[in-house]
Amino acid sequence: MKYRSTRGGVSGLTFSQAVMMGLASDGGLLVPESIPDVSARLADWQGLSYPELASQVMSPFVGDIDQTVFKNLVLTSYKNFQHPDVAPLVNVGGVQILELFHGPTLAFKDIALQFLGELFSHILTEQDKVLNILGATSGDTGSAAIAGVRGKPGIRIFIMFPDGRTSPIQERQMTTVLDDNVFNLSIDGSFDDCQNLLKTVFNDLSFKETYALGAVNSVNWARVLAQVVYYFWTWFQLKQPAEFDVAVPTGNFGNIFAGFIAKRMGLPLRKLVLATNENDILARFFQSGVYERGEVRFSNSPAMDIQVASNFERYLFYQLGENAIDCAAFMNRFQTEQCAELAQPEGFFDWFTADAVTDAETLKSIQGIWREFNYLADPHTAVGFHLAQKHRDPNVPMVCLATAHPAKFDDTVETAIPGVTNHHPSLDALLGLQTRKTAIKDDPEVLKEFIRARC
Ligand SMILES: *Cc1c(COP(=O)(O)O)cnc(C)c1O
């Protein structure tokens, strides 16, 4: 399989090259040159374990890595999951909840980042290269990225977070990792300051090149690919129904875009219910065809507090008939005017039902799921569940993706259900452990010097 950019400036990349490039060098996103139809192979995949299925679903997109090597790499990626099914499906009042939070950091990002860590490691060893990952996080991504590459030879990871503004649990998940290749940087500033630092340092191209800087953000194709798998897995767990719907708590559009790819590959998925919090740019888009930026609002589902969804451009590319010129024009219009509109939103547009959920509804949803079904949901999952119930068709199975363990967001769960017991042993185990972080000024030169001294 070869890869090309949604803006037309890059083509003919191998899978490994696409993984190492991350964001396309023309500013677009990398997509495969075709999407294989696997519907004729589904019968053969029945009864496979999660890692075996993952290897089958992803293989057609790879090509330049030996099949046996790739399979082993995938099997290793899911060894650190605490549930034997990796992603178990649980019936909660007739909605099927797919628990994606049994990885090392208890958020669904582990599904992709454990795989990406193995993949980076393999590619770097093959090419005898090193990689220095620089990232900024407001919460879940940092810890999942660190867990994906800790202790891996040839890789260093530098994660910046705004000092005192991530939750104490999230900070501990990062700073208790003491491997030599992990550097936690608490920045004297906001999350936006961290992102600006990141951009400034990445824009220094000679520095980026000299120090082999790379990113792990959600635009990496390998992350999307790893997430396609669990849509197939769900269908097998449901005993292969004629069709099914999936509600997806959505921020950067990576998770739900993976569902779109699964459907394009021939999986009999009917509707994707796109669930946002009050940051509803995507909900508005799928209701009207108008993509218009708003102000970021801080909500009780913080991993979805996003206005500009980084994976949206991939969807747009397919919606525009894979026309890179139109895609680039739409994105440029959006960039300059903060608003762009689809002329005739037909075709893939109606694969989605999109809706937004308020903070108050999220709290009520957490309460309701607990009172009626005795199930503890984290706020992101509760956003999805609220819309899963609202948009459910009694004749079609409805699945809701659970994106984090409730103990990661104990404050909000406590507000919704005062006094409820909400723990996870691996989070409790972090209390009292030794931590390591370095406080750094909000200054790109200081950050560069820190990186220089360690590479
Ligand atoms: C990252 C994240 C999301 C949003 O996923 P996207 O792929 O960005 O749409 C939802 N819930 C949790 C808990 C997350 O960490």
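For the structure itself, look to the data block above.
Described in the following lines is the structure provided in the data block. Per chain, residues are indexed from 1 in the order of the written sequence. A pLDDT threshold of at least 70 governs which residues receive local features in this predicted model, and a stricter bar of 80 or more applies before side-chain atom pairs are shown or counted, although totals over entire chains, interfaces and linings include all residues. Computation of side-chain values covers all heavy atoms of the structure but excludes hydrogens and water.

## Looking at the packing of aromatic side chains
Centre-to-centre distance and the angle between the planes together describe a pair of aromatic rings. Aromatic pairing here means that ring centres of Phe, Tyr or Trp (its six-membered ring) are within 6.5 Å. Orientation follows from the plane angle: under 30 degrees is stacked, over 60 is edge-to-face, and everything else is tilted. Counting across every chain of the model gives 42 aromatic pairs. Arranged with centres 5.4 Å apart and planes meeting at 70 degrees, the rings of Tyr50 and Tyr78 form a pair that is edge-to-face. Of this pair, Tyr50 sits in helix α2 (residues 50-58) while Tyr78 sits in the loop between α3 (67-77) and β3 (89-92), placing them 28 residues apart in sequence. When the centroid spacing of 5.4 Å and the interplanar angle of 50 degrees are considered together, the rings of Tyr78 and Phe81 count as tilted. On the basis of relative accessibility, which here comes to 5%, the residue Tyr78 falls in the buried class. Accessible area is worked out with a 1.4 Å probe on protein chains only. A residue is then buried under 20% of its type maximum, exposed over 50%, and partly exposed in between. Residue Phe81 is classed as buried on the basis of its relative accessible area, which comes to 9%. Consider the ring centre and the ring normal. A charge sits over the ring if Lys NZ or Arg CZ is within 6 Å of that centre and within 35 degrees of that normal. One cation-aromatic arrangement involves Lys263 over Trp351; the distance from NZ or CZ to the ring centre is 4.5 Å. Here a strand is any run of E in DSSP of at least two residues, a helix any run of H or I of at least four, and the numbering for each starts at the N terminus.

## Describing helix α13 (residues 324-337)
Along an α-helix, residues three or four positions apart point the same way, because every turn accommodates 3.6 residues. Multiplying one less than the number of residues by 1.5 Å gives the expected span of a helix. Relative to the 20 Å expected for 14 residues at 1.5 Å per residue, α13 spans 20 Å between its end C-alpha atoms, a close match to the ideal helical length. The N-cap residue of α13 is Asn323: its side-chain oxygen and the backbone nitrogen of Ile325 are 2.9 Å apart. One or two positions beyond α13, positive phi appears at Gln338, with a value near 65 degrees. Here a polar contact is taken to be a pair of N or O atoms separated by no more than 3.5 Å, where protein atoms must pair a possible hydrogen donor with a possible acceptor and residues adjacent in sequence count only if both atoms sit in side chains.

## Details of the sheet that holds strand β6 (residues 155-162)
For two strands to pair, DSSP has to find at least two bridges joining them. Taken in spatial order, the 5 strands make up an open sheet running β8-β5-β6-β7-β15, and their pairing is parallel. The two strands at the open ends of the sheet, each matched to only one other strand, are β8 (213-214) and β15 (438-440). Pairing between β6 and strand β7 (residues 182-187): 6 bridges, direction parallel. Across the sheet, Pro162 pairs through a bridge with Ile187, a residue of β7. Its contacts with the sheet place helix α7 (residues 191-203) against β5 (131-136), β6, β7 and β8, and it is angled at close to 150 degrees to β5. Throughout, a contact is declared for two residues whenever any of their heavy atoms are within 4.5 Å. Think of each axis as a best-fit line through the C-alpha atoms, taken over the contacting stretch in the case of a helix, with angles from 0 to 180 degrees between the N-to-C directions.

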